[in-house]
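Working through the structure, step by step
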Amino acid sequence: MSCNYAEGLSKYENKGVLGVPEIFDTDELVEQKCEQLAGMMLASGHTVIHTGAGVSTSAGIPDFRGPKGVWTLEERGEKPSVNVAFEEAIPTKTHMALKALVAAGQVQYVVSQNIDGLHLRSGLARDYLSELHGNMFVETCIKCRRQYVRSSPAPTVGKKLTGNVCHGTGKNRSCRGGHLVDNILDWEHDLPENDLQLAFMHSAMAELNICLGTTLQIVPSGDLPLKNKKYGGKLVICNLQPTKHDKKADLKISTYVDTVLEKVCKRLGVEISPYRPEDDPTKHVPCSLEWGIPSGAVKKVDKLYDKMLKTKGKPLKHALGSVHADDKQELKQNCKKLKKDPVQDEMKKESSP
Ligand SMILES: [Zn+2]
């Protein structure tokens, strides 16, 4: 359950802005905005979706900072009343819509802050997904770094030993009994490097970044959707509460994300299939699907990213040199240094998982 996840994390004082009232656009305004969003998606050659806890609330998993969120209630000494077990939750209309939009070529990549594994369970392929804060249904080998999908959520959080051992085989890379840990980041953990690098490059290359169900308070995840701004990319935010970057959004839609996705898919002629357990890797027992991102996948996107920088990232007047050099440097600093940077640390104090 989401509470077990939250309780499993170490103590952390500043959890960001909590419990701000939700806003709802009128039905008429929602229609207009969804029409506009569908048009923006049709015009975009590279669309990246950024998901937060708000895409899973309709599956019965509470969010963190909403009026009934885990951290909001924690402040009052309460717990969410609706809270299903992770293995009992099923992917929402939004998760299934994103899988369909990727298949239809309308969405090129999904970046998620969620650890509930619902993107994986929707059947969305790993090639299209970065999971920045981990996944409940994945274990990682501390020796060879292989990742495995499991049929049930890990018993621990915070990268602790699960008691299982690695059976990885393969040319030059067999692993003799490396210990496995859960794949859930705690507050101070570094973000997974390949996931972050792919998320960073796709976000920068995006002609359109669309944020769904996140207040964008976490760093660096919450700042990635802005990475395309200097190359002329657009930002759309769909969230019930105000977010940290509303002022920078080209469009803000305030209603349920499931409603937005349903309307947009209809306008784009994309059919949303229902969840099918046979497409859910966690339902395949024994489940041993490898879930790591191969380094070749990062190199492939890096080439596209370089190409984009060459065409769009013309050296601009900037205190530290060209935009190109800045971005490349930031990317190379990787997750570890992003978090160690004092400015980022300062920002991180306003934020959380
Ligand atoms: Zn191993």
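Residues numbered from 1 in each chain as written. Predicted model: local features only at pLDDT ≥ 70, side-chain atom pairs only at ≥ 80, totals over all residues.

**Some details on unusual backbone geometry**
Here the bond from valine 219 into proline 220 is cis, since omega is 5°, no more than 30 degrees from zero. Along the polypeptide, proline 220 turns up in the loop between strand S8 (208-212) and strand S9 (234-238). For arginine 145, which is not glycine, the phi torsion reads 70° and is therefore positive. Summarising the element assignment, arginine 145 is placed in the loop between strand S4 (134-141) and strand S5 (147-149). (Helix = DSSP H or I, 4+ residues; strand = E, 2+ residues; numbered from the N terminus.)

**With respect to helix H6 (residues 193-205)**
The terminal C-alpha atoms of H6, which comprises 13 residues, lie 18 Å apart, in line with the 18 Å expected from a rise of 1.5 Å per residue. Burial within H6 is extensive, with eleven of its 13 residues counted as buried. Asp195, Leu196, Gln197, Leu198, Ala199, Phe200, Met201, His202, Ser203, Ala204 and Met205 are the residues of H6 that are buried. (Expected span 1.5 Å × (residues − 1). Buried ≥ 20, exposed ≤ 12 C-beta atoms within 10 Å, placed from the backbone.)

**Focus on the UniProt feature "binding site: Zn(2+)" (unreviewed entry) in the chain**
UniProt annotation of "binding site: Zn(2+)" (unreviewed entry) refers to Cys141, Cys144, Cys166 and Cys175 when read in the numbering used here. Spanning 35 residues, the named residues nonetheless gather at one spot, since no C-alpha pair among them exceeds 9.0 Å. Here cysteine 141 shows up in strand S4. Those residues in contact with cysteine 141, other than ones at most four positions away along the chain, are Arg146, Cys166, Gly168, Cys175, Gly178 and Leu180. Note that cysteine 175 resides in the loop between strand S6 (161-165) and strand S7 (179-184). (UniProt positions renumbered as here; feature names shortened; annotations may be inferred. Contact = placed C-beta atoms within 7 Å.)

**Section: the environment of glutamate 74**
By the secondary structure assignment, glutamate 74 is in helix H3 (residues 70-75). Judged by the 17 C-beta atoms lying within 10 Å of it, glutamate 74 falls in the partly exposed class. On a C-alpha basis, the gap between glutamate 74 and alanine 6 in space is 9.8 Å, while along the polypeptide they are 68 residues apart.

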